[in-house]
Amino acid sequence: MTIKTSRGAFAALEALPATGVCERSPALLVPGFTGSKEDFLSVIGLLAAAGRRVVAIDMRGQYETAASQDAAAYSLAALAADVALIADEVAAQDGSPGNGRPQVHLMGHSFGGLVAREVVLARAAPTASLTLMSSGPGGLTGPRAADLRQVLAALEAVPETELAGLVKHIWEVELEPGAVADGTAPDVVEFLRTRMLGNCPLGLRVMARTLLTCPDRTKGLRQAAAGPLLVVYGEDDDAWAPAIQEAMAERLKAQRVCIPAAMHSPAVEAPETTASTLTKFWNAAEATPRSASPSS
């Protein structure tokens, strides 16, 4: 499906309850760096089965959503403005009851968590709750940070006209052999190739830079969030360390769930546990009166 907003059209996946009507507020799922809506295929049906409409998107320049040739379009503020408009559209189409305006449960994975956080910080959309999945308080840490620094150094070293060729080279020389060595099924490897080469190279460069330099905005998020917060991550996350995400949850006074036997992508690695966790949190959020803003 396609979601059209005043800022353009965005590719999306949608899941609805198998029977009956949508009885609960909808959810909007935002993918991470080099990710896409397909990252949520394993959980989107499970989430919808609880009685709500669930929508997963590609952000601007990701996979099947049109790119921009303006680097500023990939800043956190610009991507958050996109997501806010999509959230408004999803909530309005669903007709979910809100405090004057329809609301949506917003969930961001990894880099998508930084974008979703920005939506709440800017109070750009009426959210029923915010979930940060495998996302940290600031710049990326852990083993993935070192790998990303190497990739970014290469991306920064070439002119914009050569970025696409470099991304293709990185896929063929590093990423594809790694996926094959890990035993990834051939059809999945082919999808990952298509997606990687479909991402906007300029967007990848800007987002990689942001991932490594993003400031810690935990205090501001705690002050801005009007709805419940959830921090969820895999017990073996190799991006932001679990201890860092646990500390962030404590600072946010957020609910915290560590998903056993999962790494950086709980929705892929432990879909049933992840879907159950999100459904339980969202249901509870809908039963909790909203406040104008929490105390600091």
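Above: the structure in question.
What you see is a predicted model; the values in this text were computed from it and never measured.

**Thoughts on helix H4 (residues 142-156)**
Then step 1. In this model, H4 (15 residues) spans 22 Å end to end at C-alpha, consistent with the 21 Å of a helix rising 1.5 Å per residue.
Then step 2. Among the residues of H4, those classed as buried are Ala 145, Leu 148, Leu 152 and Leu 155. Buried residues of H4, seen end-on, are gathered within an arc of 80° and therefore sit on one face of the element. Among the exposed residues of H4, those oriented more than 90 degrees off its buried face are Pro 143 and Gln 150.
Then step 3. Buried residues along H4 sit in contact with helix H5 (163-181) and helix H7 (201-213).

**Considerations on the nonpolar core**
A general trend in soluble globular proteins is that nonpolar side chains are found buried together.
Then step 1. Counting residues in each nonpolar core, the largest one holds 66 residues, and the members touching the most others are Leu 28, Ile 57, Val 83 and Phe 111.
Then step 2. Among the elements that line this core, the one with the most residues is helix H2 (residues 76-94), at 9 residues.
Then step 3. Ranked by size, the runner-up nonpolar core spans 22 residues in total, among them Ile 44, Val 54, Leu 230 and Ala 267.

**Observations regarding unusual backbone geometry**
Then step 1. In the Ramachandran plot, Ser 134 falls in the positive-phi region, its phi being about 50° despite a non-glycine side chain.
Then step 2. With respect to the secondary-structure elements, Ser 134 resides in the loop between strand S6 (127-133) and H4.
Then step 3. Residue class for Ser 134 comes out buried when judged on its relative accessible area of 0%.
Then step 4. Non-glycine residue Ala 261 carries a positive phi angle of around 60°.
Then step 5. In this fold, Ala 261 is placed in the loop between strand S8 (255-259) and helix H10 (266-269).

**A short note on the environment of Leu 204**
Then step 1. Following the sequence through the fold, Leu 204 ends up in helix H7.
Then step 2. Take Leu 204: its relative accessible area is 3%, and that puts it in the buried class.
Then step 3. In this structure the C-alpha to C-alpha distance between Leu 204 and Pro 266, which are 62 residues apart in sequence, comes to 23 Å.
Then step 4. Among all residues touching Leu 204, those that are not within four sequence positions of it are Phe 33, Thr 34, Val 167, Met 196 and Asn 199.

**Regarding H2**
Then step 1. Taking 1.5 Å per residue, 19 residues should reach 27 Å; H2 reaches 26 Å between its end C-alpha atoms and fits that length.
Then step 2. Taken residue by residue, H2 has Leu 76, Ala 78, Leu 79, Ala 80, Asp 82, Val 83, Ala 84, Ile 86, Ala 87, Val 90, Ala 91 and Asp 94 as its buried positions.

**As for the side chain of Ser 36**
Then step 1. Topologically, Ser 36 is positioned in the loop between strand S3 (27-30) and helix H1 (41-48).
Then step 2. Look at Ser 36 and you get buried, because its relative accessible area is 0%.
Then step 3. At a separation of 2.6 Å, a polar atom in the side chain of Ser 36 contacts the side chain of Glu 38.
Then step 4. Polar side-chain contacts of Ser 36 include one of 2.9 Å to the side chain of Arg 195.
Then step 5. If sequence neighbours within four positions are ignored, Ser 36 has contacts with Pro 31, Ile 57, Asp 58, Tyr 63, Phe 191 and Arg 195.

Calculation rules
- Residues numbered from 1 in each chain as written.
- Predicted model: local features only at pLDDT ≥ 70, side-chain atom pairs only at ≥ 80, totals over all residues.
- Heavy atoms only, no water.
- Helix = DSSP H or I, 4+ residues; strand = E, 2+ residues; numbered from the N terminus.
- Expected span 1.5 Å × (residues − 1).
- Buried < 20%, exposed > 50% of the residue type's maximum accessible area, 1.4 Å probe, protein only.
- Arc of directions from axis to C-beta.
- Contact = heavy atoms within 4.5 Å.
- Core = buried A, V, L, I, M, F, W, Y, C linked by side-chain atoms within 4.5 Å.
- Polar contact = N/O pair within 3.5 Å; in protein donor to acceptor, adjacent residues only side chain to side chain.

Shape is all these values report; function is a separate question.
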